[in-house]
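# Structural features, examined
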Amino acid sequence: DRVTVSTVLNVPASGTVTASLHPFTVKLGLLRSSVVVCNTLLDAYCKHGLLAAGMRVFQEMPHRDSVTYNAMMMGCSKEGLHREALGLFTDMRRAGLDASQFTFSSMLTVATGMGDLHLGRQVHGLVARATSVHNVFVKNSLLDFYSKCDCLAEMEKLFDEMPERDNVSYNVMISGYAWNRCASRALRLFREMQILCFDRQALPYASLLSVAGSLPHIGIGKQIHAQLVLLGLSSEDLAGNALIDMYSKCGMLDAAKTNFLNKNDKTGVSWTAMITGYVQNGQLEEALRLFCDMRRAGLSPDRATFSSIIKASSSLAMIGLGRQLHSYTIRSGHISSVFSGSALLDMYAKCGCLDEALQTFDEMPERNSISWNAVISAYAHYGQAKNAIKVFEGMLHYGFKPDSVTFLSVLSACSHNGLAEECMKYFELMEDEYGISPWKGHYACVIDTLGRVGRFDKVQKMLSVMPFEDDPIIWSSILHSCRIHGNQDLARVAAEKLFSMGSTDATPYVILSNIYAKAGKWEDAARVKKIMRNRGLRKESGYSWVEVKQKIYSFSSNDQTNPMISEMKEELERLYKEMDKQGYKPDTSCALHQVDDDLKLESLKYHSERLAIAFALINTPLGRPIRVMKNLSACLDCHAAIKMMSKIVNRDIIVRDSSRFHHFKDGVCSCGDYW
């Protein structure tokens, strides 16, 4: 009967088991006669992420009550389908059904996911007017909403006014403080919990570990770890996963790995935490290996796992692997997740596939601010500032609130295109219109933009009003601008600033030396190189890599190690002859060595990106786009040469250097020769 079926459906099982029980409910006629059975079946489908099946049950139900709507809203909000959940809430209100604590909790999750502060405050108003809903569960949901919307003042006011607080209340507060890097306030609340004699085993150790990881502060992390060991909690799932995350964020991967290996029952969250740790610390091959181990162990990746492993493939610029992960995401049913979609969008953009990135964005059933930020950032890295600004305006049109990351992407787009006026406009809009205090990164973008267009007077003004200490990133940006405009005096000042900061990076020495070399001041150039050598610093070697048949091939300048080097040089010589006919003249000023012109020409011919292009031309089908990655900036001569190559071979050639993408097509580059 309905009691038996409802009881069995409530047993924690797989989605397959739930689906196998569905026909029995139809056969027994319970879907037509029992709202309770329908609600239980619907809830079971939603809990297993089988939202489409749940929606079919919902649509076929002859009668619905508030529990029906709550289950469907929770399912939609859990999968990031916030607008669908909002529509269900509207339908529920129209049907005259009363909202419960679960209704309000789901709607606050929706408001959080959409970043809609106005909607959340409206829900808060409904809670205040609902006489039957004033329990700590709903208040905790409100705390969580304000916490995740970075409304610390409202979060603290609500917490102070709560007549009853439980462990969750303190957990949410401490998590909010951790997210906003308010370590002292988080620790104060933790001590308050100890004074109030909360059960020591129920204290928010995981949240405190999150605080330690976000700072990062290994001292706090180790103290919390010691308490967990004393209480015998260090191997429990939540605490154990938090330890893996904390040690990873503090850069102690060996300790993270030890905690991972010591866990007896590794859940999907444990594997994901370790995979994410490897990705965060740049050990991308290890992350991929662990992902394969996770699959072999019989665990199913969730959307967080996919998000991390897709980041690994994007950092490695392995488009073949990225496409495989895309297919696997579809097969596993996670493609509708806004998190998986945003990660795929970012992956395609970073692998030089802008069209596929935009297609992924267009096909996303639900978007959030992360999705919009990803597509703005993609346009920024491709030097398409106008499109980035257009997407930003679209984001506002659809009611999404821009955050600090949004403005950082817009300012970066302006910087890549030298749009100084637009850059200043959005920098001022950020604080004046949206009340967002600029990060150091925002100032760095503005300074970079002003420097690129030669407005060094305004650069000095920005430095004087910036409420942060200048750092290597800002002075490196100024030094690069001096290289563009040949400003030797300011370049010397910028370089001295970088030298005094004790940087172990050889880049400022190399740039200053190159500025002198380009001006023909060979003695000054040699002096800077001597200082660099005396300090034990070495110039980073330039290299490029290309993916062919899901394998990465790496090349250095004038590389002789590849077995196909003879064929590659022949291919380049063939191209150079054709380029010479079309008027190509090598720019020997890019060969910054005091040697004769013949040797300068020879050194330019086999730069790493040219070898990578030649290898790809030989080993890929005609007409297929070529995607090359380079660890340093491309030189002016290589840029001019690749433009002509793209026209001669009639192929798109996409080169990602250390700062942006260059999409060469029919002899033209997407950057407009400005980078």
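Only a predicted model underlies this, so the values are computations on that prediction, with no experimental measurement involved.

## Focus: the side chain of Ser248
As for its position among the elements, Ser248 is in helix α16 (residues 237-249). With sequence-adjacent residues up to four places away left out, Ser248 is seen in contact with Leu253, Ala256, Ala273, Gly277, Gln280 and Asn281.

## Observations regarding a positive patch on the surface
A contiguous patch of positive charge, built from Lys529, Lys530, Arg533 and Lys539, is present on the exposed surface. Tracing the backbone shows Arg533 in helix α33 (residues 522-534).

## Quick word on the UniProt feature "repeat: PPR" (unreviewed entry) in the chain
With numbering aligned to this structure, UniProt lists the feature "repeat: PPR" (unreviewed entry) at residues 34-64, 65-99, 166-200, 267-301, 337-367, 368-402 and 505-539. Annotated as 71% helix and 0% strand, the span residues 505-539 places its first and last C-alpha atoms 8 Å apart.

## Considering the packing of helix α18 (residues 268-280) against helix α19 (residues 284-296)
The contact between α18 and α19 brings their axes to 7 Å, and the two run at 165°. Here α18 is positioned roughly antiparallel relative to α19, judged by the angle of their axes. The hand of the α18/α19 crossing is left-handed. In this structure, α18 uses Gly268, Trp271, Thr272, Met274, Ile275, Tyr278 and Val279 to contact α19, whose residues at the interface are Leu284, Glu286, Ala287, Arg289, Leu290, Phe291, Asp293 and Met294. Of the residues contributing to the contact of α18 with α19, the split by class is 10 nonpolar, two polar and three charged.

## Topic: the state of the cysteines
With the rule as written, the count across this model stands at zero disulfides. Among the cysteines around Cys182, which has no disulfide bond, Cys151 carries the closest sulfur, lying 13 Å off. In this structure Cys423 is not part of a disulfide, and its nearest cysteine sulfur, from Cys414, lies 5.2 Å away. On the accessibility criterion, Cys423 (0% relative accessible area) is buried.

## Quick notes on helix α24 (residues 369-381)
Between its terminal C-alpha atoms α24 stretches 18 Å, which fits the 18 Å expected from 13 residues at 1.5 Å a residue. Of all the 13 residues making up α24, 10 are buried; the element is thus mostly covered by neighbouring parts of the structure. Residues Ser371, Trp372, Asn373, Ala374, Val375, Ile376, Ser377, Ala378, Tyr379 and Ala380 constitute the buried set of α24. Directly beyond the C-terminal end of α24, a positive phi value near 70° is found at Gly383.

## With respect to the side chain of Ser105
By the secondary structure assignment, Ser105 is in helix α8 (residues 101-114). Owing to a relative accessible area of 16%, Ser105 belongs among the buried residues under this scheme. Every residue in contact with Ser105, bar those within four places of it in the chain, is listed here: Phe137 and Ser141.

Rules behind the numbers
Residues numbered from 1 in each chain as written. Predicted model: local features only at pLDDT ≥ 70, side-chain atom pairs only at ≥ 80, totals over all residues. Heavy atoms only, no water. Helix = DSSP H or I, 4+ residues; strand = E, 2+ residues; numbered from the N terminus. Contact = heavy atoms within 4.5 Å. Patch = residues over 30% accessible without salt bridge, like charges linked within 9 Å, V, L, I, M, F, W, Y side chains within 5 Å. Areas by Shrake-Rupley, 256 points an atom, 1.4 Å probe, with all protein chains shown as cover. Salt bridge = Lys/Arg side-chain N within 4 Å of Asp/Glu carboxyl O. Lys, Arg positive; Asp, Glu negative; His and termini not counted. Charge placed at Lys NZ, Arg CZ, Asp CG, Glu CD. UniProt positions renumbered as here; feature names shortened; annotations may be inferred. Axes fitted to C-alpha atoms, helices over the stretch in contact; angles between N-to-C directions. Parallel < 35°, antiparallel > 145°, perpendicular 65-115°, else oblique. Left-handed = near helix turned anticlockwise from the far one by under 90°. Nonpolar A, V, L, I, M, F, W, Y, C, P; charged D, E, K, R; others polar. Disulfide = S-S within 2.5 Å. Buried < 20%, exposed > 50% of the residue type's maximum accessible area, 1.4 Å probe, protein only. Expected span 1.5 Å × (residues − 1).

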